[in-house]
Amino acid sequence: MIKFFSRHAKAKGPLPSPGYFLQWAGLLFGLFLIANFAGMRQYTSVLNGTVGSTNLDWQTASFLGAAYVMVYLAFVLGTPTLMIAAGILALCRKFAGNKENHDGPKSSA
Amino acid sequence: MQRLKRIAIGLLVLVVAGAIWIPCLHLVFARPIAEFRTAAGVSPKARQLAARHLALWTDAELRKQELDRMRASNAEWDFMGRSFLVWSLANMALRDPASKPLYLKTIDQIIDETLRLEKEKGMYFFLMSYASAGKFVMKPDRSLFLDGEIALMLASRRMAEEKQEYKALLTERIDIITEEFGRSPHLVLESYPDECWMFDHCLALDAMKMADYLDGSDHSKLICDWIAMAKRKLIDPESGLLVSSFTTDYLPLGGPQGSSLWMVSHALQILDADFARDQYSRARRELGEITCGFGYAHEWPASWKGPANIDSGPIIPVFKISAGSSGMAFIGASAFRDDPFLKSLNSTLDFVGFSSRKAGTLKYCASNQVGDAALLYAATLGPLWEKIQARENAGAKR
């Protein structure tokens, strides 16, 4: 399982790795695809109080509907946010790297 | 320490990224208003929604599945889904003469089946179960909910194109409602035992107005008297909005509810245009919201506290979003040409309505047949009301 702020991050220094954010974005996208392929979208009628299917009991249909809404919102809100965050971090790292190169290695003396 | 610092920076970056993304999110779902509603013809979304409903009325098995799902929650929705669809198709028949025969055929099928069910199973078939638990104050037991909406279905059909068989049915239904108003000491009629609905009164009066247009009858005094009574007795003093439900003694039951009010303001347009505009403006101010480009509506104004019910749908906390009120807000926004609100509502619909498109048909999974039919009505309303208004304007000029 991915460790978001893993000690084994490829990143060194104070900035987290953009790769972690991209991994999470990928995970949310994957969950969204699975929920769609599983046909959970039709159960979102729980939002208006209508059972998603008369073949399932009310609790199961409600659970599937609520789960789909969570996964969908996590995808729509989370994935782009994580990608933007990864972009910001990448820029910060580039800027920090350039600065370090420009300043040169610090001497302990 | 290094790890904690990374977590703090990571969270800060996520907050910044969220602050960038969330205000932009509505742009993904924003569509031109013409995709939902057009001044003439039928908009693409209306056509797709209608295609799904027409498919339901040609496929008995599909219709049964859809109606069973709704009836498991609320038998009223079965009936209202029929009403909204008939009113929508009547407007579409006037907007799109080439498809008129198909629309009229479906309208007739719906009306005939609804009348048959009412006759065979009685009015309680289309009412929620608590209707049979209480006693109607006025005798014999009748529901204005059914009488008003059936009358409006018949009148809408005849406005789209005359059908002689429905003339007597409309006259009979209007006469019953008129006679009941005459017997009512307070000029209010029940939809459920000692429970009267503003929505049902306004639609019944619309049906009378249409009957006057079609058959030359005159219910203008009754309509005037009723509006005057409603202004005196049925206005919530805090918000100035009409209350949604009340007893036969004018005691408010549910306060001003968005799930009723948006349609009520539209229904008032052919009864008292200034009052209608006033009610819409108040509803828009008290109930309508646009946040980060997404439109939605509350069920009650801030001054009224009420619990979520079958009409409001679940209320989403913090923002107090009511699914019922937000869905019906499309009708108000469309009727009053409030394009910024309508556009923002449409963005919300595409965001969390969970659309499902198949072979040129569209449905919203988060909605149901009655919800989609109400959306279709919002996308097509206009021509029926315009016919009435044109006659009134011509009369006023003479």
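1. Overview of the interface of chain B and chain A
Contacts between the two partners involve 33 residues from chain B, matched on the other side by 36 residues from chain A. With both chains or domains summed, chain B and chain A bury close to 2,900 Å², and 69% of this area falls on carbon and sulfur atoms. The three residues of chain B that bury the most area against chain A are R6, R69 and F354 of chain B, which together make up 25% of that side's buried surface. Our enumeration of links across chain B and chain A arrives at 0 salt bridges. Applying the counting criterion to the chain B and chain A interface returns 5 residue pairs in polar contact (both at pLDDT 80 or more). At the level of secondary structure, the elements contributing two or more residues to the side of chain B that touches chain A comprise helix 1 (2–29), helix 3 (60–73) and helix 13 (339–352) of chain B. It is helix 1 of chain B that contributes the most residues to the side of chain B that touches chain A, 16 residues altogether.

2. Let's talk about the packing of helix 12 (residues 323–335) of chain B against helix 13 of chain B
Residues and elements named next belong to chain B. Two elements in contact, helix 12 and helix 13, have axes separated by 9 Å at closest approach and are oriented at 150°. Taken as axis vectors, helix 12 and helix 13 run roughly antiparallel relative to one another. Once helix 12 is placed against helix 13, the crossing between them reads as left-handed. Along its contact with helix 12, which presents S326, A329, F330, A333 and S334, the element helix 13 presents F341, L342, L345, N346 and L349. Here the contact of helix 12 with helix 13 is built from residues that sort into 7 nonpolar, 3 polar and no charged.

3. Topic: the confidence of the model for chain A
Per-residue confidence for chain A gives a mean pLDDT of 80; residues scoring 70 or more make up 73%. In this model, residues 5–9 of chain A is a region of pLDDT below 50 whose contacts with residues beyond four sequence positions or in other chains number 11 contacts.

4. Notes on helix 3 of chain B
All names here are of chain B. With 14 residues, helix 3 should reach 20 Å at 1.5 Å per residue; the first-to-last C-alpha distance of 20 Å fits that figure. Listing the buried residues of helix 3 in full gives R63, E66, L67, R69 and M70. When helix 3 is viewed along its axis, its buried side chains cluster within an angular range of 155° and face the same direction. Of the exposed residues in helix 3, those oriented more than 90 degrees away from the buried face are A60 and A72. Those residues of helix 3 hidden inside the fold are in contact with helix 2 (44–56), helix 4 (75–95), helix 5 (100–121) and helix 14 (369–380). The opening residue of helix 3, the one whose side-chain oxygen lies 3.1 Å from the backbone nitrogen of E61, is D59.

5. Details of the pairing of strand 4 (residues 294–297) of chain B
Residues and elements named next belong to chain B. Of the two faces of strand 4, the one holding F294 and Y296 and the one holding G295 and A297 are both buried throughout. In this sheet, strand 4 lies alongside strand 3 (residues 288–291) in antiparallel orientation, the contact comprising 4 bridges. Bridge assignment links E289 to a residue of strand 4, and that residue is Y296. The turn joining strand 3 and strand 4, which pair antiparallel and follow one another in sequence, is formed by 2 residues; a positive phi near 50° is taken by C292.

6. Here's the deal with the pattern of salt bridges
Residue and element names in this part refer to chain B. Tallied over the entire structure, the rule returns 28 salt bridges over all chains. Salt-bridge contacts for K45 lead to D350; the nearest nitrogen and oxygen are separated by 3.1 Å. One end of the pair, K45, is in helix 2; the other, D350, is in helix 13, and 305 residues separate them in sequence. As far as burial versus exposure is concerned, K45 and D350 are alike and both buried. Ionic pairing is found between R284 and D338, a salt bridge with its closest N-O pair at 3.2 Å. With a gap of 54 residues between them, R284 in helix 11 (residues 273–286) and D338 in the loop between helix 12 and helix 13 connect regions that are remote in the sequence.

7. Details of unusual backbone geometry
Most peptide bonds adopt trans geometry, and most residues besides glycine take a negative phi value. Residue and element names in this part refer to chain B. Of the consecutive residues K139 and P140, the connecting peptide bond is found in the cis state with omega at -5°. Turning to its location among the elements, P140 is positioned in the loop between helix 5 and helix 6 (144–160). The phi angle at L187 is positive, at roughly 65°, despite the residue not being glycine. Following the sequence through the fold, L187 ends up in the loop between helix 7 (164–183) and strand 1 (196–197). Using a relative accessible area of 18% as the deciding quantity, one classes L187 as buried. At K320, a residue that is not glycine, the phi angle is positive and equals roughly 55°.

Conventions adopted
- Residues numbered from 1 in each chain as written.
- Chains lettered and ligands numbered in written order.
- Predicted model: local features only at pLDDT ≥ 70, side-chain atom pairs only at ≥ 80, totals over all residues.
- Heavy atoms only, no water.
- Contact = heavy atoms within 4.5 Å.
- Buried area = accessible area lost by both parts, 1.4 Å probe.
- Salt bridge = Lys/Arg side-chain N within 4 Å of Asp/Glu carboxyl O.
- Polar contact = N/O pair within 3.5 Å; in protein donor to acceptor, adjacent residues only side chain to side chain.
- Helix = DSSP H or I, 4+ residues; strand = E, 2+ residues; numbered from the N terminus.
- Axes fitted to C-alpha atoms, helices over the stretch in contact; angles between N-to-C directions.
- Parallel < 35°, antiparallel > 145°, perpendicular 65-115°, else oblique.
- Left-handed = near helix turned anticlockwise from the far one by under 90°.
- Nonpolar A, V, L, I, M, F, W, Y, C, P; charged D, E, K, R; others polar.
- pLDDT = per-residue confidence, 0-100.
- Expected span 1.5 Å × (residues − 1).
- Buried < 20%, exposed > 50% of the residue type's maximum accessible area, 1.4 Å probe, protein only.
- Arc of directions from axis to C-beta.
- Pairing = 2+ DSSP bridges.

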